[in-house]
Each structure stands twice: as C-alpha cells, then as structure tokens.
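# Topology and contacts: notes
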Amino acid sequence: MKEIVDFLHNPQKYQEIGASMPKGALLVGPPGTGKTLLAKAVAGEAEVPFFSISGSEFVEMFVGMGAAKVRDLFKQANEKAPCIVFIDEIDTIGKKRDNGGMGGNDEREQTLNQLLTEMDGFDGSKGVVILAATNRPDSLDPALLRPGRFDRRVPVELPDLAGREAILKVHAKKVKLGDNIDFNAIARAASGASGAELANMVNEAALRAVRDGRKFVTQADLEESIEVVIAGYQKKNKVLSDKEKLIVSYHEIGHALVAALQTNSAPVTKITIIPRTSGALGYTMQVDEGERNLMSKEEIENKIATYTGGRVAEELIFHSITTGASNDIEQATKLARAMITRYGMSEEFGMVALETVSNQYLGGDTSLACSQDTAKEIDQKMIETVKTQYEKATKLLSENMAKLHELAKYLYEKETITGEEFMQILNS
Ligand code: ZN
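I will try to describe carefully the structure that is included in this document. (Residues numbered from 1 in each chain as written. Predicted model: local features only at pLDDT ≥ 70, side-chain atom pairs only at ≥ 80, totals over all residues. Heavy atoms only, no water.)

### Points about the overall build of the protein chain
Rule in force here: Helix and strand assignments come from DSSP, with helices taken as H or I runs of at least 4 residues and strands as E runs of at least 2, each series counted from the N terminus. Note on exposure labels: buried denotes an accessible area under 20% of the residue type's maximum, exposed denotes more than 50%, and partly exposed covers the range between, all computed with a 1.4 Å probe on protein chains only. We call two residues contacting when some pair of their heavy atoms lies within 4.5 Å. Every accessible area reported is derived by Shrake-Rupley at a probe size of 1.4 Å, with residue values counting cover from the shown protein chains alone.
The secondary structure content of the protein chain amounts to 16 helices and ten strands. When each of the 428 residues of the protein chain is scored for burial, the buried share is 44%. Within the protein chain, contacts between residues at least 6 apart in sequence are counted, and of these 73% link residues at least 24 apart. Carbon together with sulfur atoms contributes 52% to the accessible area of the protein chain, which is approximately 22800 Å² in total.

Here is the structure:
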C-alpha cells in the first residue's frame with residue numbers, strides 16, 4: 001500500500017526505470033477489519049481523489065445499467081487521474097461464472113465483463129489504481145485475478161493483541177475516559193475481535209456510562225462491553241475461551257517445537273493463536289514452501305511429524321484430544337500417501353506411479369492407478385508412516401517438556417510470537 005502511495009506521489013520515479021504499477025490490488029480479510037478505511041487512507045495519504053462503489057449496488061439494477069455505471073466510473077476516474085477507484089464487496093459482481101450459462105445472472109456477468117474490459121483498457125502509467133475488497137476471495141472469477149488485473153493481494157487480518165490495544169486507543173479518543181484505564185487488559189480479553197467490534201465495544205461502554213448517569217467511561221464499563229459485544233458475535237466470530245486458548249497454545253507450540261527439534265525442518269517464522277476466518281484456531285507459519293522445489297524423504301517425514309506435533313502436545317498435557325487437529329490429519333495423510341504413491345519413497349513399491357494427478361491447476365485431484373490389493377497395501381503403509389512420525393513427535397516433546405510449558409505459556413500471554421522469540425526461549 002505504501003508503494004501505491006509513493007507511486008501516486010512520484011510517478012516519474014517509476015516511469016524513468018520503466019516500472020509500471022500494478023493496476024489493481026485486492027484487499028482480502030474478514031468483515032470489520034477496515035478494508036474500506038485502508039483504501040480511503042491510501043487515497044488520503046496520496047492526496048488523490050477517491051471514487052468508491054459497492055458491488056451490492058449492482059445487484060438490483062436494470063439490465064445494462066451495471067455495465068454503464070462501470071463505464072461511467074472509469075470515465076470519471078480517467079479524467080481525474082491520478083486517483084483511487086475502490087470497489088467494495090467485489091465478490092457480488094466478480095463471482096465465478098458457471099459454464100452452464102442456463103439461468104445465470106446476465107446482469108452480473110455484463111457488469112463483470114465491463115469491469116474487465118475497463119481494467120485492460122486503461123493506461124496504468126496515468127495513475128489510476130483500483131482497489132477492491134472482499135471477504136470471499138475463493139469465490140472470485142479467476143479472470144479478475146489474472147496478471148494486469150487484481151494481481152496483488154493485501155491480507156487485512158484480524159488484529160493481534162498489540163493491534164487491538166492500538167485500535168482501542170484510537171476509538172477511546174472519542175469518549176471521555178476515567179483515570180487508570182488499562183487498555184492492555186481490555187485488548188487481552190477481546191481476543192478475536194475485529195476493528196469494527198472494538199469500536200463497537202468502546203461505544204457500548206460509553207452508552208453504559210450514560211445509563212449509569214456518569215460523565216466518563218470506566219474500566220468496568222469497558223470490561224462489561226466486551227461481553228456484550230462478544231456474546232452478540234460469538235456465533236459469527238470465533239472468540240476463544242481461556243481454556244480453549246490454552247489448548248490451542250499448547251497445540252501450536254507442539255507443532256513448532258517438533259519442527260524446530262528436527263534438524264532438517266524449516267525454522268518457524270511466526271506462531272499465532274488469533275482465530276482465522278478459515279476456521280483455524282491457531283497457526284504456525286514455517287518458511288514458505290513455495291520456494292522449495294525439492295524435498296528429501298527425511299524432510300517429508302519430519303513434516304509429517306510436525307503435523308502430528310499439535311495433537312501430541314494436547315495428549316501429553318491435557319490427556320485428552322480435540323477436533324483441533326483435523327486439518328493436520330488431512331495434511332499428514334496427504335503427504336504420507338504421496339510419498340508412497342507418487343514420490344517412490346517406499347521400499348515396498350519403489351519407483352512405481354500408483355496414483356496420477358489430474359487437473360493440476362484445478363485442485364490437483366488424484367486417481368489411483370493400481371489394483372485393489374495394492375490399494376490396501378498402500379493404506380497400511382500410509383497408516384504405518386504417520387504412526388511412526390507420531391511416535392517420533394511424542395518422544396521429542398516428552399524429552400522437552402519444560403520448553404513446551406515455557407513456550408506455550410509465553411504464546412498464551414502474547415497471542416502472536418515471532419520465530420526469533422521462539423528460538424530465543426528454546427535456546428535459553
Ligand atoms: Zn495443528
């Protein structure tokens with residue numbers, strides 16, 4: 001976003017070297033995280049006009065109106081360039097087009113086509129930057145994401161502890177506060193809340209103060225308002241209870257610790273227990289796999305052990321297991337299967353392709369290319385592979401119990417920790 005601002009300020013700097021700015025950037029994130037605000041802030045920082053339109057405005061239009069409106073918007077933008085064009089809820093017009101064509105929404109399709117035409121048509125060096133926001137990036141038509149269109153993605157995620165504290169302070173400026181407000185404590189209790197929810201909390205607290213006939217907001221008002229807002233949102237958003245938070249902390253540290261203790265595993269870069277809209281309650285980020293082209297058998301085995309690490313930690317500490325490992329199980333299974341059927345890494349089958357991949361760019365489905373007897377053997381071998389790694393992870397974590405406790409407590413407190421913090425504690 002800073003680069004876009006800089007480009008709008010000094011376009012000649014980019015033109016001289018022959019670089020052209022991406023035409024569009026997609027702001028992706030859960031509702032209430034401030035995507036619209038961010039787009040407005042970019043326009044404000046760059047001191048350029050801001051044109052905005054919401055995808056939902058097109059839904060109930062007469063045929064042909066949507067396309068005309070898009071044309072009109074881009075005509076205005078071209079006249080006022082440099083400027084920012086912001087399309088909110090782009091998924092309402094940019095949904096994947098179905099190939100059937102029967103009973104499709106012609107109006108939506110026409111609007112989308114017009115948008116694509118306009119994006120391809122305008123000259124990027126003039127300084128029209130298109131920002132679009134969505135909380136459903138997976139539903140977008142791939143044509144929108146092609147190079148030269150929205151080829152940049154800016155994740156706008158739920159704020160972490162430090163972020164929540166800062167957001168609370170911004171909104172608290174608008175209300176009269178009593179003395180000694182502990183924003184850190186409020187932010188801590190509001191784990192999983194979005195920026196919009198935090199704004200709502202501050203307002204609820206102010207309303208409560210008025211109800212009680214006071215002239216200022218107290219700590220108790222704010223604490224009470226968290227419950228009001230979160231209880232109201234609990235079904236929609238994932239806000240973890242303290243017990244759940246502790247389990248997720250141990251689970252995530254379990255992954256990270258197993259990864260770090262195996263020499264060939266990539267080091268951890270970030271661990272967080274802020275719930276994601278994807279449904280994950282926590283997240284351990286390892287060095288990007290995209291840059292790895294080759295993986296050794298040992299590395300894959302270590303990876304499987306790392307996937308099992310979360311569940312192992314839960315079992316060792318709480319002596320009970322949760323549903324939190326479902327995605328880990330899926331990933332570990334996929335790897336173990338691929339080792340045998342596609343990478344020729346088992347002694348039993350050697351270099352025989354037992355599975356073929358179809359549609360590599362559309363989900364990468366695999367289909368078995370072997371007899372039923374062999375399929376049965378593959379299943380057995382696969383189960384054995386995962387089990388072996390599970391046992392390895394159990395051994396690693398049992399031997400490093402003190403570190404597991406120390407790191408999990410630290411993560412529980414901080415909610416998001418970096419790889420450096422993690423390694424510092426591990427090596428201390
Ligand atoms: Zn996990």
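From this point, the narrative continues.
### Side note on the pairing of strand β3 (residues 83-88)
For clarity, the cut-off: Being paired, for any two strands, means DSSP has found at least two bridges between them.
Burial analysis of β3 places five of its six residues in the buried class, the great majority of the element. As judged from the five bridges shared by strand β2 (residues 50-54) and β3, these two strands associate in the parallel manner. Directly across from Ser-54, in β3, lies its bridge partner Asp-88. Strand direction decides the pairing type here: β3 and strand β4 (residues 128-134), joined by five bridges, are parallel.

### Things to note about the coordination of the zinc ion
Counted only if it meets this: With water excluded from the atoms, a metal site may look incomplete; its donors are any N, O or S atoms within 2.8 Å, or within 3.2 Å for Na, K and Ca. Just to be clear on the cut-offs, tetrahedral is four donors with all angles between 85 and 135 degrees, square planar is four donors and octahedral six with opposite donors over 155 degrees apart and all others between 65 and 115, and anything else goes down as irregular.
Those protein atoms acting as donors to the zinc ion are His-251 (NE2), His-255 (NE2), Asp-328 (OD) and Asp-328 (OD), and they sit at 2.0 to 2.8 Å. Geometry at the zinc ion is irregular, judged from the four donor atoms that bind it and their angles of 52 to 147° at the metal. Every donor residue of the zinc ion comes from the same chain, spaced as H-x3-H-x72-D. Taken together, the residues span a long stretch of sequence, with His-255 in helix α11 (residues 242-261) and Asp-328 in helix α13 (residues 326-341) at a distance of 73 residues. Classification of His-255 by relative accessible area gives buried; the value is 6%.

### Thoughts on the pattern of salt bridges
Quick note on the threshold: The term salt bridge refers to a side-chain nitrogen of Lys or Arg lying within 4 Å of a carboxyl oxygen of Asp or Glu.
By the definition in use, this model includes 17 salt bridges. Linking Lys-169 and Glu-165 is a salt bridge whose minimum nitrogen-to-oxygen distance equals 3.3 Å. Placement of the pair is Lys-169 and Glu-165 together in helix α7 (residues 161-172), with a separation of four residues, close to one helical turn. For Lys-403, the salt bridge is made with Glu-406, and the minimal N-O distance between the two is 3.7 Å. You can see Lys-403 and its partner Glu-406 sitting in helix α15 (residues 401-414), three residues apart, about one turn around the helix.

### Considering the side chain of Thr-134
Put simply, the rule reads: Pairs of N or O atoms are called polar contacts if they sit within 3.5 Å, as long as, within protein, a hydrogen donor faces a hydrogen acceptor (for residues adjacent in sequence, only side-chain-to-side-chain pairs).
Take Thr-134: it is sitting in strand β4. At 2.6 Å, the side chain of Thr-134 forms a polar contact with the side chain of Asp-91. Those residues in contact with Thr-134 that lie beyond four places of it in its chain are Leu-26, Leu-27, Val-28, Gly-29, Lys-35, Ile-90, Asp-91 and Leu-140.

### Regarding the sheet that holds β2
Selection rule: In this description, a line fitted to the C-alpha atoms serves as the axis of each element, helices being fitted only across the stretch in contact, and the angle between N-to-C directions of two axes falls anywhere from 0 to 180 degrees.
If you trace the five strands from one edge of the open sheet to the other, you get β2-β3-β4-β1-β5, paired in parallel fashion. A single partner strand is all that each edge strand has here, and the edge strands are β2 and β5 (152-155). The sheet shows a mean angle of 20° between the axes of neighbouring strands, direction not considered. In the packing of helix α1 (residues 2-9) onto the sheet, contacts are made with β1 (24-28), β3, β4 and β5, and the angle to β4 comes to roughly 155°. Strand contacts of helix α4 (residues 65-80): β2, β3 and β4, with the helix running at about 170° to β2, the strand carrying the most contacts.

### Details of α11
For the record, the criterion: A helix is expected to span 1.5 Å for every residue after the first.
In this model, α11 (20 residues) spans 28 Å end to end at C-alpha, consistent with the 28 Å of a helix rising 1.5 Å per residue. Of all 20 residues in α11, 14 are buried, a share of seventy percent or more.

### Focus: α4
Put simply, the rule is: To obtain the arc, one takes the directions from the helix axis to the C-beta atoms.
With 16 residues, α4 should cover 22 Å at 1.5 Å per step; its first-to-last C-alpha distance of 22 Å lies within 8% of that length. Within the span of α4, buried status applies to Gly-66, Ala-67, Val-70, Leu-73, Phe-74 and Ala-77. Viewed end-on, α4 has its buried residues packed into an arc of 120°, placing them on one side of the element. Exposed side of α4, more than 90 degrees from the buried face: Lys-75 and Glu-79 are the residues found there. Residues of α4 that are buried make contact with β2, β3, α6 (106-121) and β4.

### Structural notes on the environment of Asp-221
Secondary-structure assignment places Asp-221 in helix α10 (residues 219-233). When the C-alpha positions of Asp-221 and Val-202 are compared, they lie 8.7 Å apart, and in sequence the two are 19 residues distant. Those residues in contact with Asp-221 that lie beyond four places of it in its chain are Ala-205, Arg-208, Ala-209, Arg-214 and Phe-216.

### Some remarks on the environment of Pro-49
For Pro-49, the position within the fold is in the loop between α3 (35-46) and β2. Residues Pro-49 and Cys-83, 34 residues apart in the sequence, show an inter-C-alpha distance of 4.9 Å.

### Some words on the packing of aromatic side chains
Inclusion rule: Ring pairs shown here join Phe, Tyr and Trp side chains whose ring centres sit within 6.5 Å, with only the six-membered ring taken for Trp; geometry is labelled stacked below 30 degrees between planes, edge-to-face above 60, and tilted in between.
Summed over all chains, the structure comprises three aromatic pairs. Summarising the aromatic geometry, the rings of Tyr-250 and Phe-318 are spaced 5.5 Å apart at their centres and angled 85° between planes, so their arrangement reads as edge-to-face. Placement of the pair is Tyr-250 in helix α11 and Phe-318 in helix α12 (residues 297-318), with a sequence separation of 68 residues. Given the relative accessible area of 3%, Tyr-250 is considered buried.

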